[in-house]
Amino acid sequence: MHGIHGRYLRVDVTQTQATFHPIPESVARRFLGGVGLATWLLYREAPVQIDPLDAQAPLIFAFSPLVGTPLTTSAKFAVVAKSPLTNRLNDALASSHFALAGKRSGADAIVITGQAARPSVLMIEDGKITLEPAEDLWGLEIPDAQARLRQRLGPAFHFAVIGPAGEHLVRFATISHDRRHAGRGGLGAVLGSKRLKAVAVHGTQRCTLADPAGVVAAARSLSERSFGPATAKYRELGTIANLLTLNRLNALPTRNFQQGQLADALHIAGEALHEQQTVTRESCAACTIGCEHIVASSQGPVRIEYETLFALGSLCGLADPDIVLRAAQRCDALGLDTISTGATIAFAMECVERGLLTSPDLRFGRGDALLAAIEQIASRSNLGDWLAEGTKRLAERLGDEALSFAPQVKGLEIPGYDPRAMQTMALGFAVNSRGADHNRSSAYEADFSPHVDRRFGRPESARWAIETEDKATIMDSLILCKFLRGVFEDFYRESASLLRGVTGWDVTAEELRLTARRIVTAKKLYNIREGWTPAEDTLPERFFTQPLPDGLAPGASLTRDRLEAMKSAYYQERGWDPKGFVPADLLQTLQLTDMVAQ
Amino acid sequence: MPHSGVPEIIVEFYALARRRAGLKEMPLRAATVAEAVHEITRRCPRLRELFLQKPNGPSVLISLNAGPFLTDWNTTLSDGDRLVILSADAGG
């Protein structure tokens, strides 16, 4: 076999045991790696209906055939588990050296179950494991824990770490590595529930390439294209450039989705940050794009992305760059997903405004209250204990009125695109397996194109939502960074060629299209097994009953009927039944019968 | 009145286009979107590459008055129109 080890490492932390298990080549080819492979493993390894924070709930780190090759942006790994926030499948991706070192440990994936008797670091070296005591690390913020681990373990090991939020089982805690985060869905809480402060990996086992010269040539070509105009926005400005654009389109979630624009948006816009602050650029390992923009704030350097800027800024009614940067820095240090943190606090601010929650200072525009709430969430102190449960659980405590404007789908907080102003994205939020998610659906790409009228979703929009979701699925399974998507002239043909060069499989573009459909449906099957119901594929009531007010661009409204029409078209196009369940014959078509039967 | 009859519009730049143009806005006269793009790239040659049609589209999108994104550059313009130029890569 080329490109893969053909096995995964199952680690039982309780027993301090690790065993290799084979991954048949047919499975590797059908699920690739990353999110695809981890979905297959989760279905196989997770007990049915398990509590995500139960010791036996698996946490999976998955690599891929492309990891470790010279292909730009391929040094990525997926982390997959049942989410403590949504009780559904959750996948998150992060970049850098952990992926390279993890794959060199000799496995295509690492499945962690069990619970350590005391706070520990799980050390994995060429497939052998040890548990190192970590009482001295427990309680440390992420930068301090990383520094201590680096000092203790030396440069050979790379580690994925949780902060205090993960230790306190905050349902949207992250797993972090080298300033990158597996951010969404509370994977940090899953690691924390196993009493693991970190997973450290090191190895010497490299995979061979089927066509080394071909892969090197492809890598050179891809790198050259990655310097071109298709990635220029990410390189020159980063994702923070989205804020002012979305504000102009009246699509910037503001004050808990009550508006589509913020009056002083320019103050926190990417364009302004670049003009007024010192911004440096960094790259992940093996990346030629360099999209990371580090802003020099009064509190030190802060890595900032659009989603963080909107969630801790406009969503909370804030346009003070010092406050937003400080809040971003605190979330990163404490190990909190910035989207869910900002959205939960913004939701609580509206609850206070409506008299549903008593917390006098927690008001839109109050930076001090935002910063205090972040600290309380990470430590689960005072109101933070409720906020740490996320918007859905908080709303359920507060009653039906609160649920109607809690910004979440399946429990996952909605990212930075107002679904009334971007209605293909609205469909993506509603049907996606991990909940309100922009990265797995990527339907904003359709709304940011002439293919659809973003303010008037139609059944035909479903085709575009599927196109972007399928492409994202392949990128998340190969794995390649989505910021490369614009450089491909024919994505499936070129991806198949890359995979052929690495693995030697005679894979075609058509096969990869089928693979995408297979993985999307496999995720759905996992959710169905865990109790998914059709009622989950929707949006909060607010988006059907409160039109987005006019702003710099006209307002927009979305009706339930319009979303239902798009959903029906989506289900039909996917081959699912009218309620969104998966028919038996589709299992055969997609070669999923054995996964379900196991 | 050398420009009489030719609509006067405002071009707004966002993201990469703003960075390359070094401007937030540019007033100009143009009868169609194509004429406006010609004038924009004449005044700001650094923007030219962003308007090029590649296999997967140009690097910028054009919206008239923040409405649907335009594919037809023959779209006619009227006095006071605002042509919004923004990056086609939306994701975060």
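Residues numbered from 1 in each chain as written. Chains lettered and ligands numbered in written order. Predicted model: local features only at pLDDT ≥ 70, side-chain atom pairs only at ≥ 80, totals over all residues. Heavy atoms only, no water.

A. Summary view of the overall build of chain B. Each helix and strand counted, chain B has three helices and four strands in total. For chain B, the α and β elements follow one another from N to C terminus as β-α-β-α-α-β-β. Taking all 92 residues of chain B together, 53% fall into the buried category. Of the contacts made within chain B by residues no fewer than 6 positions apart, 52% connect residues no fewer than 24 positions apart. For chain B, the computed accessible surface area is about 4300 Å², with 51% contributed by carbon and sulfur atoms. (Helix = DSSP H or I, 4+ residues; strand = E, 2+ residues; numbered from the N terminus. Buried < 20%, exposed > 50% of the residue type's maximum accessible area, 1.4 Å probe, protein only. Contact = heavy atoms within 4.5 Å. Areas by Shrake-Rupley, 256 points an atom, 1.4 Å probe, with all protein chains shown as cover.)

B. Highlighting the overall build of chain A. When helices and strands are counted, chain A shows 26 helices and 17 strands. Against the compact-globule benchmark of 25 Å for 598 residues, chain A has a radius of gyration of 22 Å, which places it among compact chains. Dimensions of chain A, computed from the C-alpha atoms along their principal axes, are close to 60 × 55 × 45 Å. Sorting the 598 residues of chain A into buried and exposed places 67% on the buried side. Here the analysis covers contacts within chain A between residues at least 6 apart in sequence; of these, 70% occur between residues at least 24 apart. Charge-centre separation for chain A: the mean point of 65 positive side chains lies 2 Å from the mean point of 68 negative side chains. (Rg over C-alpha atoms; globule rule 2.2 N^0.38 Å. Lys, Arg positive; Asp, Glu negative; His and termini not counted. Charge placed at Lys NZ, Arg CZ, Asp CG, Glu CD.)

C. Seen up close, the pairing of strand β2 (residues 25–29) of chain B. All names here are of chain B. Where burial is concerned, the two faces of β2 differ: the one with Met 26 and Leu 28 is buried and the one with Glu 25, Pro 27 and Arg 29 is not. Where strand β1 (residues 8–13) meets β2, five bridges bridge the pair, whose relative direction is antiparallel. Considered in β2, the bridge of Ile 9 is made with Leu 28. (Pairing = 2+ DSSP bridges.)

D. Representation of the interface of chain B and chain A within the structure. Listed per partner, the contact involves 28 residues of chain B and 35 residues of chain A. Between chain B and chain A, a total of about 2700 Å² is buried, with carbon and sulfur atoms accounting for 60% of that surface. A salt bridge links Glu12(B) to Arg248(A), with the shortest nitrogen-to-oxygen separation between them at 2.5 Å. If you look at where chain B meets chain A, you find five residue pairs in polar contact (both at pLDDT 80 or more). (Buried area = accessible area lost by both parts, 1.4 Å probe. Salt bridge = Lys/Arg side-chain N within 4 Å of Asp/Glu carboxyl O. Polar contact = N/O pair within 3.5 Å; in protein donor to acceptor, adjacent residues only side chain to side chain.)

E. Structural context of the packing of aromatic side chains. Residue and element names in this part refer to chain A. Inspection of every chain in the model, using the stated rule, returns 18 aromatic pairs over all chains. Between Phe 491 and Tyr 492, the ring centres sit 5.1 Å apart and the planes meet at 75°, which makes this aromatic pair edge-to-face. Residue Tyr 492 is classed as buried on the basis of its relative accessible area, which comes to 3%. Aromatic side chains Tyr 570 and Tyr 571 sit 6.3 Å apart centroid to centroid with 65° between the ring planes, which places their arrangement in the edge-to-face category. There is no split in this pair, since Tyr 570 and Tyr 571 are both buried. Taken together through their ring pairs, the aromatic side chains of Tyr 306, Phe 310, Tyr 417 and Tyr 444 make up a single cluster. The cationic tip of Arg 354 hangs over the ring face of Phe 405; the distance from NZ or CZ to the ring centre is 4.0 Å. For Arg 463, the ring lying beneath its charged end belongs to Trp 464, and the centroid distance is 4.6 Å. (Phe/Tyr/Trp six-rings, centres within 6.5 Å; stacked < 30°, edge-to-face > 60°. Lys NZ or Arg CZ within 6 Å of the ring centre and 35° of its normal.)

F. How the structure looks around the sheet that holds strand β5 (residues 89–95) of chain A. Residue and element names in this part refer to chain A. Overall, mixed pairing links the six strands, which are arranged β2-β1-β6-β3-β4-β5 in an open sheet. The sheet is open, and its two borders are formed by β2 (17–22) and β5, each paired with just one other strand. With direction set aside, neighbouring strand axes in the sheet form an average angle of 20°. Where strand β4 (residues 76–82) meets β5, seven bridges bridge the pair, whose relative direction is antiparallel. Across the sheet, Phe 77 pairs through a bridge with Ala 94, a residue of β5. (Axes fitted to C-alpha atoms, helices over the stretch in contact; angles between N-to-C directions.)

G. Spotlight on the environment of Phe61(A). Residues and elements named next belong to chain A. In this structure, Phe 61 sits in strand β3 (residues 59–62). Relative accessible area serves as the criterion here: at 0%, Phe 61 is assigned to the buried category. In the structure, Phe 61 is positioned 232 residues away from His 293 in sequence and 26 Å away in space, judged by C-alpha atoms. Phe 61 has contacts with Phe 77, Ala 78, Val 79, Phe 98, Asp 108, Ala 109, Ile 110, Ile 112, Ala 160, Ile 175 and Val 199, leaving out every residue within four places of it along the chain.

H. Expanded view of the pairing of strand β7 (residues 120–125) of chain A. All names here are of chain A. Burial runs high along β7: five of the six residues are buried. Both β7 and strand β12 (residues 196–202) contribute to a ladder of six bridges, which runs parallel. Bridge assignment links Ile 124 to a residue of β12, and that residue is Val 201. With six bridges connecting them, β7 and strand β8 (residues 128–133) associate as antiparallel partners.

I. Quick look at unusual backbone geometry. Residue and element names in this part refer to chain A. Cis geometry marks the peptide bond from Leu 478 to Ile 479, where omega comes out at -5°. In this fold, Ile 479 is placed in the loop between α20 (461–478) and α21 (491–503). One non-glycine residue with positive phi stands out, namely Asn 250, at about 60°. Its place among the elements puts Asn 250 in the loop between α9 (242–248) and α10 (270–276). Judged by relative accessible area, Asn 250 falls into the buried class, the value being 1%.

J. A look at the nonpolar core. Residues and elements named next belong to chain A. With 166 residues, the main nonpolar core has Leu 336 and Ile 345 as its most contacted residues. No other element matches helix α13 (residues 338–353), which puts nine residues into this core. What Ile 345 contacts, discounting residues up to four positions off in sequence, is Cys 316, Leu 362, Leu 370, Ala 373, Ile 374, Ile 377 and Leu 387. Listed in part, the 37 residues of the second largest apolar core include Val 11, Phe 98, Ala 189 and Leu 191. (Core = buried A, V, L, I, M, F, W, Y, C linked by side-chain atoms within 4.5 Å.)

K. Broad picture of the sheet that holds strand β4 (residues 82–87) of chain B. Residues and elements named next belong to chain B. Judged by pairing direction, the sheet is mixed, and its four strands sit side by side in the order β2-β1-β4-β3 without closing on themselves. The open sheet terminates on both sides in strands that have one partner only, identified here as β2 and β3 (60–64). For this sheet, the mean angle separating the axes of adjacent strands, direction not counted, is 25°. One ladder, built from four bridges, connects β1 with β4; its direction is parallel. Looking across to β4, one finds that Ile 10 is bridged to Arg 82. Against the sheet, helix α2 (residues 33–43) makes contact with β1, β2, β3 and β4, and its axis sits at roughly 125° relative to β2, the strand it touches most.

L. Representation of the side chain of Thr245(A) in the model. Mapped onto the elements of the fold, Thr245(A) is located in helix α9. On the basis of relative accessibility, which here comes to 4%, the residue Thr245(A) falls in the buried class. The contact partners of Thr245(A), leaving out residues within four places of it in the chain, are Phe448(A), Tyr14(B), Ala15(B) and Leu86(B).

M. Highlighting the confidence of the model for chain B. Of all residues in chain B, 89% attain a pLDDT of 70 or more, and the chain-wide mean is 90. For this predicted complex, the interface score ipTM comes out at 0.94, alongside a pTM of 0.97. (pLDDT = per-residue confidence, 0-100.)

N. Broad picture of the packing of helix α12 (residues 321–334) of chain A against helix α14 (residues 367–379) of chain A. Residues and elements named next belong to chain A. The N-to-C vectors of α12 and α14 enclose an angle of 0°; their axes lie 10 Å apart at closest approach. Classified by the interaxial angle, the pair formed by α12 and α14 is roughly parallel. Here α12 contributes Ile 323, Arg 326, Ala 327, Arg 330, Cys 331 and Leu 334 to the contact with α14, which in turn contributes Gly 367, Leu 370, Leu 371, Ile 374, Glu 375 and Ala 378. Tallied by class, residues from the contact of α12 with α14 come to eight nonpolar, one polar and three charged. (Parallel < 35°, antiparallel > 145°, perpendicular 65-115°, else oblique. Nonpolar A, V, L, I, M, F, W, Y, C, P; charged D, E, K, R; others polar.)

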